[in-house]
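In case you want the letters, here they are:
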Amino acid sequence: MALALAPAVILCGWFVAGGVSGAVMAGMLWGGVMAAVRTFLPAYHPHRRFGAANGVTTLRAAGVAVLAAATLHGPGDPFDGWPLVAAIAALLALDGVDGTLARRTGLASRFGARFDMEVDAAFALVLTLLLWRTQGMGAWVLLLGLPRYAFVLAGRIVPSLTRDLPPSWARKAVCVQQIATLCLLFVPGLPQEWAFWLGVAAVATLAWSFGRDILWLRRAATTGTPRPAAPPQGTPVHRAPPPRPRPQP
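The following refers to the structure shown. Just so we're clear, the structure is a prediction, and the values are computed from it rather than from any experiment. (Residues numbered from 1 in each chain as written. Predicted model: local features only at pLDDT ≥ 70, side-chain atom pairs only at ≥ 80, totals over all residues. Heavy atoms only, no water.)

## A few points about the overall build of the chain
How we decide: Segments assigned H or I by DSSP are reported as helices when at least four residues long, segments assigned E as strands when at least two residues long, and all are numbered from the N terminus. Between buried and exposed lies partly exposed: a residue is buried under 20% and exposed over 50% of the maximum accessible area for its type, with that area taken using a 1.4 Å probe on protein chains only. The contact definition used throughout considers only heavy atoms, calling two residues in contact when any of these lie within 4.5 Å. Accessible surface area values rest on a Shrake-Rupley calculation with a 1.4 Å probe, where residue burial reflects the displayed protein chains alone.
A count of helical and extended segments in the chain gives eight helices and zero strands. Helices (α) and strands (β) of the chain occur, in sequence order from the N terminus, as α-α-α-α-α-α-α-α. By residue count, 40% of the 249 residues in the chain fall in the buried class. Of all intrachain contacts in the chain linking residues separated by at least 6 positions in sequence, the fraction that spans at least 24 positions is 83%. Accessible area for the chain stands at about 13,800 Å²; split by element, carbon and sulfur atoms hold 69% of it.

This is the structure we're talking about:
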């Protein structure tokens, strides 16, 4: 699948950036994604088949690589406007497909969950770069794309932040809201005041989500809470009720 998508990614990168630089950038990013997949797949995907769910995530990663190439173009790109909004909305819609496929096919894995999360983070970062570079929005919009990478960097300094988090529907909802807000910010004719307040609301919910996770991780490190099991793609955590005490003879 990776080899089949490579020519399409390079060609689309050429189109959205208007030249060789876009094709090169899209191709290099796609090569990096596939190298990471080949590196981590054997250790964290215990199934013999790659699976349709990971195939959908791979398709989304290809779309993100193409959009990243579009950041090389300035305002006035013919790809701007409703075609760009439609492309972003399509990638956002696919985000709800891979987790469902993984559960239905029984091919959920630690690799798939992490692959999905990293593509989401890259998608958000690329959209904020596009808004900043091609839509004339202020650098403040980068606050919607950088939190995940700031969190990873903080984990290098504070090791307790590298622990696994239990799956959460709230975290997933915040992620969807983040990408949906970024998609709305590309809508042609959106009033600047609306765009600003939409951005403020999204930044606030992101801060709440990351703040909640950081507090959980710090408390878990202090109290010695065991690491949660690896979350399958798109699945919330379900805690079993505690066992009933046995009657004493």
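## Considerations on a nonpolar patch on the surface
Threshold: In this analysis, a patch consists of residues with relative accessible area above 30% that form no salt bridge, clustered at 9 Å for like charges and at 5 Å for the nonpolar side chains Val, Leu, Ile, Met, Phe, Trp and Tyr. For salt bridges, the criterion is a side-chain nitrogen of Lys or Arg within 4 Å of an Asp or Glu carboxyl oxygen.
On the surface, Trp14, Val20, Val24 and Met28 cluster together into a nonpolar patch covering about 430 Å² of accessible area. Of all the elements, helix 2 (residues 20–44) adds the most residues to the nonpolar patch, at three residues. For Met28, the position within the fold is in helix 2.

## A look at the environment of Ala61
Here Ala61 shows up in helix 3 (residues 52–70). With 32 residues separating them in the primary sequence, Ala61 and Leu29 have C-alpha atoms 9.4 Å apart. Beyond its immediate sequence surroundings of up to four residues, Ala61 is in contact with Trp30, Val33 and Val119.

## Details of the environment of Ala204
When you line up the elements, Ala204 lands in helix 8 (residues 192–223). When the C-alpha positions of Ala204 and Leu144 are compared, they lie 9.7 Å apart, and in sequence the two are 60 residues distant.

## Overview of the side chain of His45
As for its position among the elements, His45 is in the loop between helix 2 and helix 3. Excluding residues within four positions of it along the chain, His45 makes contact with Phe50, Asn54, Leu107, Ser109 and Phe111.

## Focus on the pattern of salt bridges
Where charged atoms from two side chains of opposite charge come close, those side chains can pair. As enumerated under the stated definition, the model contains 10 salt bridges in all. With a shortest N-O distance of 2.7 Å, Glu118 and Arg114 are connected by a salt bridge. Residue Glu118 and its partner Arg114 are located together in helix 5 (residues 110–134), separated by four residues, close to a single helical turn. Several salt bridges share partner residues, and in doing so they unite Arg60, Asp95, Asp98, Asp116, Asp120 and Lys172 into one network.

## Brief notes about the nonpolar core
Looking at soluble globular proteins, one finds that nonpolar side chains tend to be buried together. Going by this rule: Each nonpolar core is a collection of buried residues, namely Ala, Val, Leu, Ile, Met, Phe, Trp, Tyr and Cys, held together in the definition by side-chain atoms within 4.5 Å.
In this structure, Leu67 and Leu127 are the most contacted members of the largest nonpolar core, which totals 43 residues. Those elements giving two or more residues to this core turn out to be helix 1 (2–17), helix 2, helix 3, helix 4 (82–105), helix 5, helix 7 (169–185) and helix 8. Other than its neighbours up to four places away in sequence, Leu127 contacts Leu67, Ile88, Ile179, Leu182 and Phe186.

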